[in-house]
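Tertiary structure, described
Chain residues, written in single-letter form:
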Amino acid sequence: MKNNAISRRTLLKGALFTAGSVIAAPVIGQSSKTNSVIGSIPRIVPSNAQNISYGPAFGIAKLNANENPYGPSPLALRAMEEAIKMGSYYVQEVPRLKQMIAERNNVTPEHIIIGSGSSAPLQWLATKVTQEGHILGPDLFWDTTSKMGSMNSEYGIERLDKTADLAIDLDNMYNNITSTTGMVQVTNPNNPTGLPLSPKALKSFCKKASKKTIVLVDEAYNELTDDPDANTMIPLIKEGYNVVVARTFSKIYGLAGMRVGYLIADPEMIEKISSFGLGDYSLNQAGVAAAIASYNDETFLKYSKEKIVEARDMLQDAVRENGLKPLSTSTNFMYVDLGSLNAEEFRKEMEKERVLIRGIYQDYVNWSRVSTGKIADVKQYIRALPRVLDRMS
Ligand SMILES: Cc1ncc(COP(=O)(O)O)c(C=O)c1O
């Protein structure tokens, strides 16, 4: 006991010198007399506290990462407040979250692997499949986890040729599956294009292609489409097709910073993917609490989607009014054809207006991606647009 007391004092003293100032904060429920010395909890304020920033700075319209600033939902916020008090313990509620996801999708908890964002299990999957073959994808798709997962493999990503309309050519994809294909990856709707595939065509592709290789359908933006139930490929998994579907709490749920996402697949496949990552152990108390609290919060989900659709309509109109051509989108971002303008130069000019957007993807030099955000941030983009175009012309 004595040793503990000493080491705690030493620790606090050390903190005094290393972390900045120590403030005596009153202990709730104790009298101010006892608070003064013994009955107080030293609150350590880091010396750089004024520089800590958990979101975009005031006046910055952050429209570059497909986040949804309408989350976290009020229920998620309340749940997180409770959960962080138990931050000293490892997370124990992952089975509950799996059960909820399983019930909604008519699968079992064994069909589900949850990780730190869908990025984590997507990367585990990419590591697994690139032990045996390439990942086949369209020319343009959200390839971050496949790049990372195949980093130490002799196999990598094989891309199909561009299409004129930037859509994913499923027939060409099917025809390019070979003996060295370890997986095909379809992002639906796609990122950065925002384009959805016809559910009928995708379903038929999945059925055919999954007889030859693993089919991954990344449905990060599914809930933002016009008909999420028709667009999801999850039912194929129960029907026995070799399909893996990725979903995330980062988009419609507005929990990108809380890092929760998951894959649904056949239990045998889930077990194989599990051996390439930390699984439940990669999760944190607050993220899991937020996911559980908001998963079935229909009021919030409706509100979230309405705001995103409102912002996306505003962006579409404004871009057209300024003579640019946007692709139609089923997501919380939009891909815009800038004509003769360079998308990286456009990004830099927008940054001068305190608007953050994406620059060039691969060799799509005249295409610019802008995310929806708070309506005020979207208005900032819209106000800046004619000024930037004027400067660049
Ligand atoms: C298509 C797609 N999949 C997955 C992700 C990763 O999201 P997260 O790791 O936050 O679940 C993103 C991120 O933008 C994405 O666009």
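This section reports on the structure supplied with the text. (Residues numbered from 1 in each chain as written. Predicted model: local features only at pLDDT ≥ 70, side-chain atom pairs only at ≥ 80, totals over all residues. Heavy atoms only, no water.)

1. Observations regarding the pairing of strand β12 (residues 333–337)
The side chains of a regular strand alternate, first on one face of the sheet and then on the other. Burial within β12 is extensive, with five of its five residues counted as buried. What you see with β12 is no split at all: F333, Y335 and D337 on one side and M334 and V336 on the other are buried throughout. Bridge count for strand β11 (residues 325–326) against β12 is two bridges, and the pairing is antiparallel. Counterpart to K325 in the pairing with β12 is D337. The hairpin formed by β11 and β12 contains six residues between the paired strands. As defined by bridge partners, β12 adjoins strand β14 (residues 367–371) across five bridges and the pair is classed as antiparallel. Across the sheet, residue F333 finds its bridge partner in β14, namely S371. (Buried < 20%, exposed > 50% of the residue type's maximum accessible area, 1.4 Å probe, protein only. Helix = DSSP H or I, 4+ residues; strand = E, 2+ residues; numbered from the N terminus. Pairing = 2+ DSSP bridges.)

2. Observations concerning the sheet that holds strand β10 (residues 261–264)
With respect to topology, seven strands assemble into an open sheet ordered β4-β10-β9-β8-β7-β5-β6, the strand pairing being mixed. Strands at the two margins of the open sheet, each flanked by one partner only, are β4 (112–115) and β6 (157–159). Across this sheet, the average inter-strand angle for adjacent strands is 25°, counted without regard to direction. (Axes fitted to C-alpha atoms, helices over the stretch in contact; angles between N-to-C directions.)

3. Regarding the site of the ligand
Among the 13 residues in the neighbourhood of the ligand, the closest are listed as S119, D218, Y221, T248 and S250. Within the side chain of S250, one N or O atom sits 2.5 Å away from an oxygen atom of the ligand. Protein contact buries 93% of the 400 Å² of open area that the ligand shows by itself. Taking a 2 Å distance to the grid points as the criterion, the majority of the atoms of the ligand fall inside the largest pocket. Partitioned by chemical class, the residues of the shell around the ligand number three nonpolar, seven polar and three charged. (Near = heavy atom within 4 Å. Polar contact = N/O pair within 3.5 Å; in protein donor to acceptor, adjacent residues only side chain to side chain. Areas by Shrake-Rupley, 256 points an atom, 1.4 Å probe, with all protein chains shown as cover. 1 Å grid on protein atoms, 1.4 Å probe; cavity = no way out; pocket = protein on both sides within 12 Å on 5 of 7 lines; lining within 4 Å. Sits in = over half its atoms within 2 Å of the grid points. Nonpolar A, V, L, I, M, F, W, Y, C, P; charged D, E, K, R; others polar.)

4. Comments concerning the sheet that holds β11
Strand order in the open sheet formed by three strands is β11-β12-β14, with antiparallel pairing between adjacent strands. Both outer strands of the open sheet, β11 and β14, are each paired with one neighbouring strand and no more. Most of the contacts of helix α13 (residues 298–321) go to β12, to which it runs at about 10°, and overall it touches β11, β12 and β14. (Contact = heavy atoms within 4.5 Å.)

5. Description of helix α11 (residues 267–274)
Along α11, the positions that sit buried rather than exposed are M269, I270 and I273. Buried positions in α11, seen along its axis, are confined to an arc of 100° and lie on one side of it. Opposite the buried face of α11, by more than 90 degrees, sit the exposed residues E268 and E271. Those residues of α11 that are buried are in contact with β4, α5 (119–129), β8 (214–218), β9 (243–248) and β10. (Arc of directions from axis to C-beta.)

6. Some remarks on the side chain of N231
Relative to the helices and strands, N231 is located in helix α9 (residues 228–231). Taking the relative accessible area as the measure of exposure, N231 reaches 11% and is therefore buried. Contact partners of N231, with chain neighbours within four places excluded, come to N188, L197, P199, E219, N222 and T225.

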